[in-house]
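# Structural description and commentary
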Amino acid sequence: MAKINESYKKLEAGYLFPEIGRRVRGFTEANPGADVIRLGIGDVTLPLAPAVVEALHAAVDEMATESGFHGYGPENGYGFLTDAIRQVDYKARGVDIDGEEIFVSDGSKQDSGNIQEIFGQGCSIAVTDPVYPVYVDTNVMAGRTGNADADGRYEGILYLPATEENGFTPAPPGERADIAYLCSPNNPTGAVASRENLGAWVAWARENDAVILFDAAYDAFIQDPDLPRSIYEIEGARECAIEMRSFSKRAGFTGVRCAYTVVPRELTGTTASGERVGLNELWGRRHATKFNSVPYVIQRAAAAALSDEGLAQTGEQVSYYMENARRIREGLAAAGFTVFAGEHAPYIWMRTPGGLSSWDFFDQLLDKARVVGTPGSGFGPSGEGYFRISAFNSHANVDEAIERIGKVFAG
Ligand SMILES: *Cc1c(COP(=O)(O)O)cnc(C)c1O
């Protein structure tokens, strides 16, 4: 008999987004034709930039020729893409990353979920709370936790509350952990880590011989050029951090699929006998064994997103979403809500009105304003009493949503 992986049974019932989908379907079935505005799931809405589309077409045409056909690509990504990444994402910010430290993949969700595989079963995990559920759930699946308690906290994971008091950017804990997941700009809170905050984390990781898994999926939304976009802008991070970036949000690639993970050569872990092993080598082995490269056509599209033209066009898309973020932030504040962040991220984090629970506010918002958001409690116990509004939509829908919310909840 094939026994199942029992750890899957520890996963909390109902992943957040399916539950949202279920409630929205219930509402639209009961109210046919209701014009529901979705500011819930973090998915982009604008079409691909022209430079990206052009590159896609050209690459498809190439693939139709004998000389331009490409089969399996290099395991870590084509040089034309890793060179563009090194130049645009790193060198331009004073950071040197080697081509062999970059692993091109089909998504940061996958990478941030798979990366735990190269670490030992007994590694202790720290996460900020609320948190992108992938970090936690993949460690649960891997058997690194006990069961969840009544609040949804898994035994064996160190939760660091992101609160109003700490500006939703927790400082490193007073205790040690082997691995810490950080995400800045943050999904779900929309908060961005300062240089000082990341500096403290890097110092903590070096002191504790820990590894930081830094998710920078939203780096392109940072508006202040002085804020760090990469953890490698912090001195000493090469010895303690893995960084993940994605084309999904910055270039509208959620349906195209391209991302990359950086594992610096200096970064090591230890064997049971205390011997140091390079994590670059381990991730390379994992990548080559379980992944067969991102399609040539897609890597051409990603490289086009990093061209001058592509950067200008995708930069306009980011600005479009950030204008939404501004309208949401200011509109909700004017309507009397307490709102946070969203200045360097496509998410606004808000306190639910009148002490409502996150899910009660979700239901009221859907029922009375026909607007879908995301309950903060779905991202972790410290998200209870908060709510995430996404800036991924049209200006018109955002304006309409704010007006409706203001009317329903004013005062
Ligand atoms: C959207 C998102 C990603 C990107 O995932 P892809 O698989 O590259 O689309 C990664 N991390 C966080 C926190 C995200 O919100």
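To be clear, the structure that these remarks concern was listed above.
Notes on the structure follow. These numbers were taken from a predicted model, which means no experiment stands behind them.

What counts, and at which threshold
- Residues numbered from 1 in each chain as written.
- Predicted model: local features only at pLDDT ≥ 70, side-chain atom pairs only at ≥ 80, totals over all residues.
- Heavy atoms only, no water.
- Near = heavy atom within 4 Å.
- Polar contact = N/O pair within 3.5 Å; in protein donor to acceptor, adjacent residues only side chain to side chain.
- Areas by Shrake-Rupley, 256 points an atom, 1.4 Å probe, with all protein chains shown as cover.
- 1 Å grid on protein atoms, 1.4 Å probe; cavity = no way out; pocket = protein on both sides within 12 Å on 5 of 7 lines; lining within 4 Å.
- Sits in = over half its atoms within 2 Å of the grid points.
- Helix = DSSP H or I, 4+ residues; strand = E, 2+ residues; numbered from the N terminus.
- Phe/Tyr/Trp six-rings, centres within 6.5 Å; stacked < 30°, edge-to-face > 60°.
- Buried < 20%, exposed > 50% of the residue type's maximum accessible area, 1.4 Å probe, protein only.
- Lys NZ or Arg CZ within 6 Å of the ring centre and 35° of its normal.
- Pairing = 2+ DSSP bridges.
- Contact = heavy atoms within 4.5 Å.
- Axes fitted to C-alpha atoms, helices over the stretch in contact; angles between N-to-C directions.

Take the site of the ligand next. For the ligand, the set of nearby residues contains 15 residues, the closest of which are Asp-215, Tyr-218, Ser-246, Ser-248 and Lys-249. Within the contact set of the ligand, an oxygen atom lies 2.7 Å away from a side-chain nitrogen or oxygen of Asn-187. Take Tyr-218: an N or O atom from its side chain is 2.5 Å from an oxygen atom of the ligand. In the complex, the protein chains occlude 94% of the 390 Å² of accessible area that the ligand would expose alone. Because more than half of its atoms lie within 2 Å of the grid, the ligand is assigned to the second largest pocket. Here the shell around the ligand takes 3 residues from helix α4 (residues 108–114), the largest share from any one element.

Let's shift gears to the packing of aromatic side chains. One pass over the full model with this rule turns up 26 aromatic pairs. Centroid distance Phe-337 to Phe-361: 6.3 Å. Interplanar angle 55 degrees. Geometry classified as tilted. With Phe-337 in the loop between α10 (308–334) and β11 (339–340) and Phe-361 in helix α11 (residues 358–369), this pair connects stretches of sequence that are 24 residues apart. The same class applies to Phe-337 as to Phe-361, namely buried. Three or more aromatic residues link up through ring pairs in this structure, and these residues are Tyr-218, Phe-221, Tyr-320, Tyr-321, Tyr-347 and Phe-392. One Lys or Arg, Arg-300, reaches over the ring of Phe-80 and ends 3.6 Å from the middle of that ring.

On to the sheet that holds strand β15 (residues 386–390). Within the open sheet, the 4 strands sit side by side as β11-β12-β15-β14. Their pairing is antiparallel. Edge positions in the sheet fall to β11 and β14 (374–375), since each has one partner strand and no second. In this structure, strand β12 (residues 347–351) lies alongside β15, joined through 5 bridges in antiparallel fashion. The residue of β15 that forms the bridge with Trp-349 is Arg-388. Its contacts with the sheet put α11 on β12, β14 and β15, and the angle it makes with β15 is roughly 45 degrees.

Quick look at the side chain of Thr-189 now. Mapped onto the elements of the fold, Thr-189 is located in the loop between β5 (179–183) and α6 (195–208). The residues touching Thr-189, leaving out its near neighbours within four places in the chain, are Pro-130, Phe-168, Ala-341, Tyr-347 and Trp-349.

So yeah, pure geometry; function would need other evidence.
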